[in-house]
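Inside the fold
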Amino acid sequence: MGDRTVSGKAYIETLFKFSKLISHAEDVSIVFPDLVEQARKLIIFDNFVIYLEEKGELRPAFARSVGRGRSKEADIAWGESFIEKVFESNKLTTHQDVVQGPNDDRLKIPYYIGSPLRHGKTTVGVLIMIRFGGPEFNSQDQQTFTFIADHIAQLLERDVLVSTIAQIEGSQRMWAMQENFVATVSHDLRTPLGFIKGYTTTLLREDTNWDVPTYREFLGIIDEEADRLQELIDNLLDSSRLQSGTLQMNLQVVRLDAVLRDMIQRSQLREIDVNLELEIESQGVIVQADPMRLGQVFDNLINNAIKYAPRSTVIIRLFVDGDDAVIKVIDDGPGIDKEHLERIFQRFYRVPETRMAVRGSGLGLYICRQIIIAHDGTIKAESDTGQGTTFYITLPIVEGDESV
Ligand code: ATP
Ligand code: MG
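No experiment lies behind these values; they were computed from the predicted model shown. (Residues numbered from 1 in each chain as written. Chains lettered and ligands numbered in written order. Predicted model: local features only at pLDDT ≥ 70, side-chain atom pairs only at ≥ 80, totals over all residues. Heavy atoms only, no water.)

Further remarks concern the overall build of the protein chain. The number of helices and strands found in the protein chain is ten helices and twelve strands. Summarising the internal contacts of the protein chain: among those between residues at least 6 apart in sequence, 65% fall at separations of at least 24. A total of about 21900 Å² of accessible surface is found on the protein chain, and carbon and sulfur atoms cover 50% of it. (Helix = DSSP H or I, 4+ residues; strand = E, 2+ residues; numbered from the N terminus. Contact = heavy atoms within 4.5 Å. Areas by Shrake-Rupley, 256 points an atom, 1.4 Å probe, with all protein chains shown as cover.)

So this is what it looks like as structure tokens:
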């Protein structure tokens, strides 16, 4: 065959290009030709067909013929019985037609590989590839093919979610928001999961020996992405519990300056990169609070400063204003445009300009506000673009209790 697939590092790079295409794709029909092109570098095939189930029947939804299959472009109803077989067996299947007739007909003999496309437990279609004249799909081809099929299933699933949202928007706005939540969440969860899966599969390949630095680099990525996933899941759980009012607050009488000192110490142990300054203008201010949850609020604000105002000095100032304790968290980073100042506290809201540059899911400040509200307090952001950002928190002071 004249075709060549890539190997070694280029193989991995192509796998990730493929993954990236999937995760960035907005319009399924537009991205498919590019997917086929990338897939061709990973695995040799002549025909590439996606069948989707519609009213009990499998219909071709997308088909491409390349190489030897090109002459058959018009005819996309290949291998009907094979497709049924894949759909029914619901697993990766290979097949080749029996050789009959003279030798030069061998080039016409189709070799098939197919896999179900699943959304959760439901099989929604089948992906098949055909090679005319072989060779048969070996175990590495099968692995690569499974990778491709799983990713395409994800893309189709997302597409279904997106169009579902489009349909119900307007008439059932509340429902649409709910779906949107699911789409955002699954997308956010899939990104780190995609990296973990991709790098793990790569390391497990038996036909390649990785040198120690590459090995460590990949494990490092897996480790970081696993942490990210953990953080995301924690945030998601907190945010839904906060919304439904089922997050337990362990309120107790605490000295705010002590809580802040504690928190700064912990941050400094974790983050060498941040320059934190604590300014206590009023000593011994006492509030009713869950110290762990308050710590979570400040962790979020400090993490944001590290992400969005890098190399900035972060000042945390505590003072009293009337019946309230006030804590300001001040950075001298790029600031936030007025139009976004209130919206950054909404669930999943991120400032469009920073969205591409810095990873995050827009849950941090939502969680902060819900926690502060549960303390009968307030939180707002003040900023002028280019002038840094100040988060302004108030908590009601508990009078006359000096017991802590
Ligand atoms: P997560 O905290 O869930 O990982 P996130 O950091 O994007 O994701 P939030 O903490 O809710 O979410 O922040 C919302 C948005 O507010 C951020 O995406 C960023 O655009 C903006 N923002 C937050 N803090 C700052 C800051 N100190 N300076 C500039 N912009 C900020
Ligand atoms: Mg954040």
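Before going further, it helps to spend a moment on the site of ligand 1. N304, Y308, R350, T354 and L365 are the nearest of the 20 residues found near ligand 1. Between K307 and ligand 1, the recorded distance is 3.1 Å, taken from a side-chain N or O atom to an oxygen atom. Between an oxygen atom of ligand 1 and a side-chain N or O atom of T354, the distance comes to 2.8 Å. Taking 600 Å² as the accessible area of ligand 1 by itself, protein coverage stands at 98%. At the level of secondary structure, the elements contributing two or more residues to the shell around ligand 1 comprise α8 (291-308), α10 (364-374) and β12 (389-396). (Near = heavy atom within 4 Å. Polar contact = N/O pair within 3.5 Å; in protein donor to acceptor, adjacent residues only side chain to side chain.)

For residues besides glycine, phi is generally negative; the peptide bonds are generally trans as well. A cis amide bond links G134 with the next residue in sequence, P135, at an omega value of 0°. The topology assignment puts P135 in the loop between β5 (122-132) and α4 (139-168). Positive phi outside glycine occurs at N90, with the angle close to 60°. Notably, D376 is not glycine yet its phi reads approximately 65°, a positive angle. Mapped onto the fold, D376 is located in the loop between α10 and β11 (378-383).

Attention now goes to the sheet that holds strand β3 (residues 93-96). If you walk across this open sheet you meet the five strands as β2-β1-β5-β4-β3, and the pairing is antiparallel. Of all strands in the sheet, those bounded by a partner on one side alone are β2 (57-65) and β3. With direction set aside, neighbouring strand axes in the sheet form an average angle of 20°. Bridge analysis of strand β1 (residues 47-54) against β2 gives eight bridges, and the strand direction is antiparallel. Bridging from a neighbouring strand, N47 pairs with S65 of β2. Lying on the sheet, helix α2 (residues 28-42) is in contact with β1 and β2; it crosses β2 at an angle near 65°. (Pairing = 2+ DSSP bridges. Axes fitted to C-alpha atoms, helices over the stretch in contact; angles between N-to-C directions.)

Another point: empty space enclosed by the protein. Enumeration over the complete set of coordinates arrives at one cavity of 30 Å³ or more. Considered as a void within the structure, the largest cavity measures approximately 40 Å³ in volume. Along its surface, the largest cavity is lined by L301, A305, V329, D331, T389 and F391. Counting only elements with at least two residues in the lining of the largest cavity, the list comes to α8, β10 (324-331) and β12. Residues belonging to the lining of the largest cavity are distributed by class as follows: four nonpolar, one polar and one charged. (1 Å grid on protein atoms, 1.4 Å probe; cavity = no way out; pocket = protein on both sides within 12 Å on 5 of 7 lines; lining within 4 Å. Points joined across faces, edges and corners; volume = space filled by probe spheres on them. Nonpolar A, V, L, I, M, F, W, Y, C, P; charged D, E, K, R; others polar.)

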